[in-house]
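Coordinate inspection notes
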Number of protein chains: 2
Amino acid sequence: MQPDTLGVIGLDAVGGSIAWQAARAGVPRILGYTSTPKDGVAAARAGAITELMQDLRRLVRNSDFVVVSAPPRATMTLMGRAASLLRGGGRYMTDVSSVKLPLVNWAQEQNLSSVFAGSHPLVDVREGGFRSARPDLFAGQIVYVTAAPDGERAGREVADFWERVLQAEPVTLDAQTHDSVVAWTRHLPHAAAAALAVTLGSHGPKGVTYGSETRSATALAGGPPDALVDVLLLNRDAIVEALQTMDRSLHDLGSALADNDEARVRTWLDAASSWRSRLGS
Amino acid sequence: MQPDTLGVIGLDAVGGSIAWQAARAGVPRILGYTSTPKDGVAAARAGAITELMQDLRRLVRNSDFVVVSAPPRATMTLMGRAASLLRGGGRYMTDVSSVKLPLVNWAQEQNLSSVFAGSHPLVDVREGGFRSARPDLFAGQIVYVTAAPDGERAGREVADFWERVLQAEPVTLDAQTHDSVVAWTRHLPHAAAAALAVTLGSHGPKGVTYGSETRSATALAGGPPDALVDVLLLNRDAIVEALQTMDRSLHDLGSALADNDEARVRTWLDAASSWRSRLGS
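Residues numbered from 1 in each chain as written. Chains lettered and ligands numbered in written order. Predicted model: local features only at pLDDT ≥ 70, side-chain atom pairs only at ≥ 80, totals over all residues. Heavy atoms only, no water.

Moving on: the interface of chain A and chain B. Taken together, the contacts link 82 residues of chain A with 81 residues of chain B. At the boundary of chain A with chain B, total buried surface from both sides reaches about 7400 Å², with 68% on carbon and sulfur atoms. Ranking the residues of chain A by area buried against chain B places E213, L257 and W275 of chain A at the top, with a combined share of 9%. Summed over the shared surface of chain A and chain B, the number is six salt bridges. On inspection of chain A and its partner chain B, the count reaches 20 residue pairs in polar contact (both at pLDDT 80 or more). When residues of the side of chain A that touches chain B are traced back to their parent elements, those giving at least two are β7 (142-147), α7 (175-203), α8 (212-218), α9 (226-234), α10 (236-258) and α11 (262-279) of chain A. No other element matches the 18 residues that α7 of chain A contributes to the side of chain A that touches chain B. Its residues placed into classes, the side of chain A that touches chain B shows 44 nonpolar, 23 polar and 15 charged. (Contact = heavy atoms within 4.5 Å. Buried area = accessible area lost by both parts, 1.4 Å probe. Salt bridge = Lys/Arg side-chain N within 4 Å of Asp/Glu carboxyl O. Polar contact = N/O pair within 3.5 Å; in protein donor to acceptor, adjacent residues only side chain to side chain. Helix = DSSP H or I, 4+ residues; strand = E, 2+ residues; numbered from the N terminus. Nonpolar A, V, L, I, M, F, W, Y, C, P; charged D, E, K, R; others polar.)

The next subject is the environment of G254 of chain B. Counting through the fold element by element, G254 of chain B comes out in helix α10 (residues 236-258). Judged by its relative accessible area of 12%, G254 of chain B falls in the buried class. A sequence separation of 75 residues divides G254 of chain B from D179 of chain B, and the C-alpha atoms of the two residues are 30 Å apart. G254 of chain B has contacts with V240 and L243 of chain A, leaving out every residue within four places of it along the chain. (Buried < 20%, exposed > 50% of the residue type's maximum accessible area, 1.4 Å probe, protein only.)

Residues and elements named next belong to chain B. Burial along strand β5 (residues 92-95) is two-sided: Y92 and T94 and M93 and D95, pointing in opposite directions, are all buried. Relative to β5, strand β4 (residues 65-68) runs parallel, the two being bridged by four bridges. In the strand pairing of β5, V66 is matched with M93. (Pairing = 2+ DSSP bridges.)

Residues and elements named next belong to chain B. Strands sit in the order β3-β2-β1-β4-β5 across an open sheet of five strands; the sheet is parallel. Since the sheet does not close on itself, it has two edges, and those belong to β3 (51-52) and β5, each with one partner. Examined bridge by bridge, strand β1 (residues 5-9) and strand β2 (residues 29-33) share five bridges and lie parallel to one another. Pairing of L6 across the sheet is with I30, part of β2.

This part is about the layout of surface pockets. Considered as a void within the structure, the second largest pocket measures approximately 1400 Å³ in volume. Residue assignment for the lining of the second largest pocket shows that the elements contributing at least two residues are α11 of chain A together with α1 (13-24), α4 (72-83), β6 (117-121), α7 (175-203) and α9 (226-234) of chain B. Looking at the lining of the second largest pocket residue by residue, the class counts come to 24 nonpolar, 17 polar and nine charged. (1 Å grid on protein atoms, 1.4 Å probe; cavity = no way out; pocket = protein on both sides within 12 Å on 5 of 7 lines; lining within 4 Å. Points joined across faces, edges and corners; volume = space filled by probe spheres on them.)

Enumeration according to the criterion identifies one cavity of 30 Å³ or more in this entry. Lining of the largest cavity is provided by A192, A193, L196, A217 and M246 of chain A together with A192, A193, L196, A217 and M246 of chain B. Among the elements of the structure, α7 of chain A together with α7 of chain B are those that each provide at least two residues to the lining of the largest cavity. Partitioning the lining of the largest cavity into residue classes produces ten nonpolar, no polar and no charged.

Distances and angles like these do not, on their own, reveal function.
Below, the structure is given as structure tokens:
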């Protein structure tokens, strides 16, 4: 849907970009709410929102489409506060966190399947705050949309919002499939980069020079960990499995090296190199 | 030293850049040797070498400074072929591989400590071939120089070559310290990126979209593995230790997640994030 009044809860890089692009796409009224005053001021100054609200409930009551941009557990808290005001009347709500099953399950328990469908835009945002927002953040980017089994209508409306207003490419899938896919494609890379950073931080030599290689291999570890704590805990079964698999692969290399087994080292590195080459630059 | 005749064996990105910058720095005669004909042609066309040689021994006999740019084991083979022609007479030789102790030990065994000191320029070269060469590759970059205990003079001359001709910043240290430092700072990040690639390649979901995050976290795994096979095997004791440490750190995260222990997950991610923030962008 193209809302008449869009409510955006959380004016960080993602929420701020959604509001900003909606303003460009002609949504006439955009209500913003944030717990970070300077994001609210910056969003208003940029013309990304038409009104900065102090009252979350008023924002929800006055919006026909609500987006929550927050870490997963804060999202659930915020949606809990907003939910009772949203039921029915052709109004919809979505979020942008990278774990979907707990949210969709929660919406079902709250009897909100007809109102809520989850979203996960595949954008790389390195730092928070409205200053990292830009209206074209989602243009041409894939956004996963996950509805409850009995929430197809909400899924369609949310997907349509991403496509029509944000110019993104929505892909609808079920929440369980989503979470197990992203455990590998998104959460494991974060965890692996962080594990390298933890290792170098605790056992690496002090006062040495790290090259751009190590900067790029650990870049994902650099952000504030709040959202990642939530994500890893909420998707923990799938992530623990992925971590164990990576553990085995490090162990395979270590044991091939300890055996001075050139053929095994080469086979292992060839597998890495050929997968990475297929990924493209 | 600033040589009158520089010999460069291997005209790939690193060797080609050395030759090219030496030409710019006024070295009058630069002899090149390569087993890749198109690199030789490209280097001659760019003016990076003054003569393309077919005969390795003639190149060495006619040079007063020889650089070997090849993977570590090929370097040892090439140096073995060149060594007897180099002894004495104020002529020097270095290499550019990222493992130094086996080469310095070899030079000592060959009674070549007064001629050879190893080099390891800290530059990130993603792909081989002269087409990736550029004369300013080393300007302002750190180059580790490792001499044998009885090869201080060779160490000084090699360091002086890097500083005077290549405008790099040589740092002299002993080979053993070098190898244990780079096991953490260079080799572990390569191995970690490759382990993530191996894991995603073997167990990750098929036909899904990977974002720029995963591209950056696995970028180091993309090159041809030849040099890395050598490096990992030749520096295996230090690398096995680093791999085991990273294993433990992945395992710590996995077990904190399996226990749903938020405080431990947060502490672990905080350590990663604060180390990475200190590293800078």
